[in-house]
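Examining the three-dimensional arrangement
Below, each chain spelled out in residue letters.
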Amino acid sequence: MSMGSQKSTPATEGAAKTAKAPARKRGRARVAALQKVGAEVFAETGYEAATMTGIAARAGASIGSLYQFFPDKEQLAAAIHGAALADLVAR
């Protein structure tokens, strides 16, 4: 198996998972907080060692809330990356 390949699991097979976009101000604030904590955890522990459970706990959110907005760690990392790029472009 090459370094870039991923294992297929029942959770990753089938239809592509999509994140739910928050509709309300409170939801947008929750997503921003989850991204902030996710970025902190990724920076401190590294992507591979970071867990969705740990990120949710540190953010004071339920794991269900985290998965509602970010169905997997890869999508959370992509959202953090996209937000950082958007901020950089805005500057």
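Residue positions within a chain follow its written sequence, with the count starting from 1. This being a predicted model, a pLDDT of at least 70 is required before a residue's local features are given, and a value of 80 or more before pairs of side-chain atoms are given or counted; all residues contribute to the totals for chains, interfaces and linings. Working from all heavy atoms in the structure, the side-chain values ignore hydrogens and water.

Some points on the side chain of Lys73
To keep things clear, this is the line we draw: A run of DSSP states H or I qualifies as a helix once it reaches four residues; a run of E qualifies as a strand once it reaches two. Both are numbered from the N-terminal end. When a residue's accessible area, from a 1.4 Å probe over protein chains only, is under 20% of the maximum for its type it is buried; when over 50% it is exposed; and in between it is partly exposed. Asp and Glu count as negative and Lys and Arg as positive, but His and the ends of the chain are not part of the count. What makes a salt bridge here is a side-chain nitrogen of Lys or Arg within 4 Å of a carboxyl oxygen of Asp or Glu, nothing more. Think of a polar contact as two N or O atoms within 3.5 Å of one another; within protein, one of them needs to be a possible hydrogen donor and the other a possible acceptor, and neighboring residues in sequence only count if both atoms come from side chains.
By secondary structure assignment, the location of Lys73 is in helix α4 (residues 73-90). At 5.1 Å, Glu48 is the nearest oppositely charged side chain to Lys73, a buried residue that forms no salt bridge. In terms of polar contacts, Lys73 uses its side chain to reach the backbone carbonyl oxygen of Tyr47, at 2.7 Å. Looking at Lys73, its side chain comes within polar contact range of the main-chain oxygen of Glu48, at 3.4 Å.

Observations concerning the packing of aromatic side chains
Rule in force here: Any pair of Phe, Tyr and Trp rings, taking the six-membered ring for Trp, is counted once the centres come within 6.5 Å. Such a pair is stacked with planes under 30 degrees apart, edge-to-face with planes over 60 apart, and tilted for the rest. Charge-over-ring contacts are defined here by two conditions on Lys NZ or Arg CZ: a distance within 6 Å of the ring centre and an angle within 35 degrees of the ring normal.
Across all of its chains, the model carries one aromatic pair by this definition. When the centroid spacing of 5.4 Å and the interplanar angle of 45° are considered together, the rings of Phe42 and Tyr47 count as tilted. The buried category is assigned to Phe42, whose relative accessible area is 14%. The ring of Tyr47 carries the charged tip of Lys73 above its face, separated from the ring centre by 4.5 Å.

Some details on helix α2 (residues 52-59)
Condition: Here, the arc refers to the directions that run from the helix axis to the C-beta atoms. Residue contacts are defined here by distance: any two heavy atoms, one from each residue, within 4.5 Å place the two residues in contact.
Taken as a whole, α2 has its buried residues at Met52, Ile55 and Ala56. Down the axis of α2, the buried set is contained in an arc of 95°. They therefore lie on one face. Projecting away from the buried face of α2 at angles above 90 degrees are the exposed residues Thr53 and Ala57. Those residues of α2 that are buried lie in contact with α1 (25-45), α3 (63-69) and α4. Looking one or two places after α2, you find Gly60, whose phi comes out positive at around 70°.

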